[in-house]
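The lines below spell out each chain.
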Amino acid sequence: MDNIKRVLTVLAGVLLISSMVPQNAEAQWGIGASYEVRDEEPQNGFGVRIERGILNKLPIVQLGLRAHFSNFSEENQVDYQNRTGSFSQEIKDYDFGLTALGGVSVGFLKPYVGVGLGSNTVDMDVPDDASVEAVEESSLYWNALVGAEVSAIPLLKPFVEYRYTNVNEDFFEDARDMNVPAPSSSNGRIIFGVLLQF
């Protein structure tokens, strides 16, 4: 867990330093919200993101950095593995990370790609009378994405994105022992959202 915090602290530092680089007067920052769908349980979640454009003086290509956070949670029936009994409990699956972005503007459409690192956490409390321990496990992941923004409305940009994530599923053995949904080694999600740029 300490290694994860160190890596993400360094990545956050890179975003902060890039924000201090002088830029032109065009849109430099973006704040967005999204609805996210994936095959794994929990399947539906929400996300937030903050973006910073870098090297905006390039003629065609637009580069940037993004910090993002996603949260998936739902009430699940959890069965004890090799035990009798079960209980209903909210399972929280959240991830956050930093991604480098590159895109081009084609009229009102801006297709983009990105690659980055982050951390995925599965968190579940248990009732006081349960004979098992709470679950809180994390793993680093890398992700790649492809998406497109529509810029027909000034400042407000709807977008759709597909993000592929690869985690080390060995970190979630305790969760799987209790039949708690946990990330598989590779998974994808479809993201719909809107970005406010200023």
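Predicted model only: the values in this text are computed from it and were never measured.

Novice: What's the story with the packing of aromatic side chains in this structure? I'm lost.
Specialist: In this description, an aromatic ring pair is defined by two values, namely the gap between the centres and the angle between the planes. A complete count under the given rule lists three aromatic pairs for this structure. Between F69 and Y94 the ring centres are 6.1 Å apart and the planes differ by 35°, which places this aromatic pair in the tilted class. With F69 in strand β3 (residues 61-79) and Y94 in strand β4 (residues 86-104), this residue pair connects regions lying 25 residues apart in the sequence. When its relative accessible area of 33% is taken as the criterion, F69 is described as partly exposed. For the pair W142 and Y164, a centre-to-centre distance of 5.7 Å together with 55° between the ring planes defines the contact as tilted. Taken together, the residues span a long stretch of sequence, with W142 in strand β6 (residues 135-150) and Y164 in strand β7 (residues 156-167) at a distance of 22 residues. The lysine or arginine in question, R38, covers the ring of F72, its NZ or CZ lying 4.0 Å from the ring centre.

Novice: Help me understand the pairing of strand β8 (residues 186-197) in this model?
Specialist: On a regular strand, each side chain points to the face opposite its neighbour's, so the side chains alternate between the two faces of the sheet. In this sheet, β8 lies alongside strand β1 (residues 29-38) in antiparallel orientation, the contact comprising nine bridges. Following the sheet pairing, V37 is matched in β8 by I190. The pairing of β7 with β8 spans 11 bridges and is classified as antiparallel. Looking across to β8, one finds that N166 is bridged to S186.

Novice: When you look at the side chain of K110 in this model, what are you seeing that I'm missing?
Specialist: Structurally, K110 is set in strand β5 (residues 109-124). Although K110 is buried, it forms no salt bridge, and the closest oppositely charged side chain is E149 at an N-O distance of 4.2 Å. Excluding residues within four positions of it along the chain, K110 makes contact with Q62, G103, V104, S105, G147, A148 and E149.

What counts, and at which threshold
- Residues numbered from 1 in each chain as written.
- Predicted model: local features only at pLDDT ≥ 70, side-chain atom pairs only at ≥ 80, totals over all residues.
- Heavy atoms only, no water.
- Phe/Tyr/Trp six-rings, centres within 6.5 Å; stacked < 30°, edge-to-face > 60°.
- Helix = DSSP H or I, 4+ residues; strand = E, 2+ residues; numbered from the N terminus.
- Buried < 20%, exposed > 50% of the residue type's maximum accessible area, 1.4 Å probe, protein only.
- Lys NZ or Arg CZ within 6 Å of the ring centre and 35° of its normal.
- Pairing = 2+ DSSP bridges.
- Lys, Arg positive; Asp, Glu negative; His and termini not counted.
- Salt bridge = Lys/Arg side-chain N within 4 Å of Asp/Glu carboxyl O.
- Contact = heavy atoms within 4.5 Å.

Keep in mind these numbers describe shape, not what the thing actually does.
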